Amino acid sequence: MLTLISYEMRKTAQIKIVSVALLLIFEFLLLFGSISGNIVLMGLSGTILLFFSFIVFLLFGLSSMVSLSKDLSTNQGYMLFMLPKKSYVFLLAKIIESLISTACIGLFLYFLLLFDIFYFSVDVVEFADFLDFMWGLTTENKMGTLLQFIVSVGLFYAGVWIYMSCLAVLCVTVQASFFRGKMLAFIITVVIFLFLVVNIMTGVSSLVDKIRDVIEMTDVMSAGLQVFLLSLISLVCFCGSAYMLDQHRNY
């Protein structure tokens, strides 16, 4: 498994290194514009940096899914799938690599944002409520509560990302298994994936709200229930993808 994960990281490393390099270039231009007093350069580089950060975040998370599509739709994955391993092992390696890459770039962008906020003395009034909440947890010696809060938020977003990854794997596997070589198949798959992501999460949220109307639950319990339901959906998507890959792959 570790070998497959490292292989996936190496396979998508080039585009990720280029992306981080571009982020650093835009950040350098932003800082240079600030030091030199070039407002136009600051505005342009800052806007591009903000937009490109969002693109890079998605790129890091979905690069493994694009790689999977190439593995299944072309002969790129021929030698990989010749290994004596079950299909679910290959899929799991891609999902884990996606989660690791997303967490790494997320932390990088977070600290880059914090640096810019403090360097440019950005007015953080809009974030006052959140900062007061965090400060209150710290000053009241509730580090256990603070740790629980951080862990719960991290687990929630990790669960959501795993759900999105498993759904993406399912869509790509269906496309490669039944529509291999069809024109515009990948683009249509992306559209269907985005449609399902939004509608399934909306449906889960509505279901949890209805359950809350019947059973009294805290916000933490509601978030936990959402993660549980999304986890079930993720498991179904993952198992379905592995089964189809076993049945239809040509390697």
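Residues numbered from 1 in each chain as written. Predicted model: local features only at pLDDT ≥ 70, side-chain atom pairs only at ≥ 80, totals over all residues. Heavy atoms only, no water.

### Topic: the overall build of the protein
Part 1 of the argument: Within the protein, the secondary structure is distributed over nine helices and zero strands.
Part 2 of the argument: The order of helices and strands in the protein, counted from the N terminus, is α-α-α-α-α-α-α-α-α.
Part 3 of the argument: By residue count, 34% of the 251 residues in the protein fall in the buried class.
Part 4 of the argument: Within the protein, contacts between residues separated by at least 24 positions form 77% of all contacts whose residues are at least 6 apart in sequence. (Helix = DSSP H or I, 4+ residues; strand = E, 2+ residues; numbered from the N terminus. Buried < 20%, exposed > 50% of the residue type's maximum accessible area, 1.4 Å probe, protein only. Contact = heavy atoms within 4.5 Å.)

### Some remarks on a nonpolar patch on the surface
Part 1 of the argument: A contiguous nonpolar patch, built from L184, I187, I188, V191 and I192 and spanning about 480 Å² of accessible area, is present on the exposed surface.
Part 2 of the argument: As for its position among the elements, I188 is in helix α8 (residues 185-214).
Part 3 of the argument: I188 sits in the partly exposed class, given a relative accessible area of 48%. (Patch = residues over 30% accessible without salt bridge, like charges linked within 9 Å, V, L, I, M, F, W, Y side chains within 5 Å. Areas by Shrake-Rupley, 256 points an atom, 1.4 Å probe, with all protein chains shown as cover. Salt bridge = Lys/Arg side-chain N within 4 Å of Asp/Glu carboxyl O.)

### Section: the pattern of salt bridges
Part 1 of the argument: Tallied over the full model, the rule gives one salt bridge.
Part 2 of the argument: The closest approach of N and O atoms between K16 and E97, which form a salt bridge, is 2.4 Å. Note that K16 is positioned in helix α2 (residues 13-36) and E97 in helix α5 (residues 87-119), a separation of 81 residues in sequence. A single burial state applies to K16 and to E97, both of which are buried.

### Quick word on helix α1 (residues 2-11)
Part 1 of the argument: Where α1 is concerned, the buried positions are L4, I5 and E8. On an axial view of α1, the arc spanned by its buried residues comes to 100°, and they lie on one face. What points out from α1, more than 90 degrees from its buried face, is the exposed set L2, T3 and R10. (Arc of directions from axis to C-beta.)

### What to know about the environment of S231
Part 1 of the argument: Summarising the element assignment, S231 is placed in helix α9 (residues 219-248).
Part 2 of the argument: Along the primary structure S231 and I162 are separated by 69 residues, whereas in three dimensions their C-alpha atoms are 8.0 Å apart.

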